[in-house]
Amino acid sequence: VLFRSATRALTIGLSKVSPDDLPEFRLLRARAEVQLGETRKASEDISASIAWAAKEGNEQAAHNIELLQAENYRKSGSPALAEPLVESARRYFSNSNKKDSEWRSLLVRARVQRSLGKTEQSKVSAQLALDILGEFAHTWPPEDYSSYSARPDNKGALKELIALERT
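Attention in this report is confined to the structure presented alongside it.

Criteria and cut-off values
Residues numbered from 1 in each chain as written. Predicted model: local features only at pLDDT ≥ 70, side-chain atom pairs only at ≥ 80, totals over all residues. Heavy atoms only, no water. Helix = DSSP H or I, 4+ residues; strand = E, 2+ residues; numbered from the N terminus. Polar contact = N/O pair within 3.5 Å; in protein donor to acceptor, adjacent residues only side chain to side chain. Contact = heavy atoms within 4.5 Å. Core = buried A, V, L, I, M, F, W, Y, C linked by side-chain atoms within 4.5 Å. Buried < 20%, exposed > 50% of the residue type's maximum accessible area, 1.4 Å probe, protein only. Expected span 1.5 Å × (residues − 1). Phe/Tyr/Trp six-rings, centres within 6.5 Å; stacked < 30°, edge-to-face > 60°. Arc of directions from axis to C-beta.

1. Overview of the side chain of R111
Next up, step 1: As for its position among the elements, R111 is in helix 6 (residues 99-115).
Next up, step 2: A polar contact is formed between the side chain of R111 and the side chain of E71, at a distance of 3.2 Å.
Next up, step 3: Sequence-distant contacts of R111, defined by excluding residues within four places in its chain, comprise E71, R74, E160 and L164.

Rendered as structure tokens:
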């Protein structure tokens, strides 16, 4: 659904979409492509998104795109290329106190490390991500954390983190 919506906005519905929104739709499509394992298609959209973020001077978007590029490299069988990207993004999110993005970057780092055979480092990254989520559970109102952790993307990520931390 996500992929179709983003693709439709980029092709058929361009006249109804503000040109300022097109880079966001392209990035959304790139996320869907990476998730679907369509690494070649994702590479094109990621490259365009990198150029957009650089042109706009949007540092946070640039690091989010960097993280997406890292995941795309990992999925395309090049985790060594992913490692410095994911670490750069993680450092930025940590230094900027963007905890939501930081735990997500730690998840990608754990995946990349696992792909590189760095099992113990992967476990540590997964545990660090789980620690951030634990902070959320203890500091947020219960209904907010419950809603956040029940989102399908977060629920699946939490399960994956637990599995990466344990094995």
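2. What about the nonpolar core?
Next up, step 1: Counting 15 residues, the largest nonpolar core has W103, L107, L133, F136, Y148 and L161 as its most contacted members.
Next up, step 2: Mapped onto this core, the elements with two or more residues apiece are helix 6, helix 7 (119-139), helix 8 (142-150) and helix 9 (152-166).
Next up, step 3: With six residues, the single largest contributor to this core is helix 7.
Next up, step 4: Not counting chain neighbours up to four residues away, the residues in contact with L133 comprise W103, Y145, Y148, L158 and L161.

3. Considerations on the environment of V34
Next up, step 1: Positionally, V34 belongs in helix 2 (residues 22-36).
Next up, step 2: A C-alpha to C-alpha distance of 7.3 Å links V34 and E71, two positions 37 residues apart in sequence.
Next up, step 3: Among residues more than four places away in sequence, those in contact with V34 are A42, I46, L68, E71, N72 and K75.

4. Quick notes on helix 4 (residues 59-75)
Next up, step 1: Taking 1.5 Å as the rise per residue, helix 4 with 17 residues should run 24 Å; its terminal C-alpha atoms sit 24 Å apart, in good agreement.
Next up, step 2: Along helix 4, the residues that are buried comprise A61, H63, N64, I65, E66, L67, L68, Q69, A70, E71 and N72.
Next up, step 3: Its side-chain oxygen 3.4 Å from the backbone nitrogen of Q60, N58 forms the N-cap of helix 4.

5. Things to note about the packing of aromatic side chains
Next up, step 1: According to the stated counting rule, one finds five aromatic pairs in the structure shown.
Next up, step 2: Where W140 meets Y148, the ring centres are 4.9 Å apart and the plane angle is 75°; that geometry is what we call edge-to-face.
Next up, step 3: What makes W140 partly exposed here is its relative accessible area of 28%.
Next up, step 4: Ring-pair connections join several aromatic residues into one group, and the members of that group are F136, W140, Y145 and Y148.

6. Let's talk about helix 8
Next up, step 1: Taken residue by residue, helix 8 has Y145, Y148 and S149 as its buried positions. Mapping the buried residues of helix 8 onto a view down its axis gives an arc of 90°, with all of them on the same face.
Next up, step 2: Contact partners of the buried residues in helix 8: helix 6, helix 7 and helix 9.

7. Thoughts on unusual backbone geometry
Next up, step 1: Even without glycine at this site, N97 takes up a positive phi of about 55°.
Next up, step 2: Structurally, the position occupied by N97 is in the loop between helix 5 (79-95) and helix 6.
Next up, step 3: On the basis of relative accessible area, N97 is assigned to the exposed category, the value being 56%.

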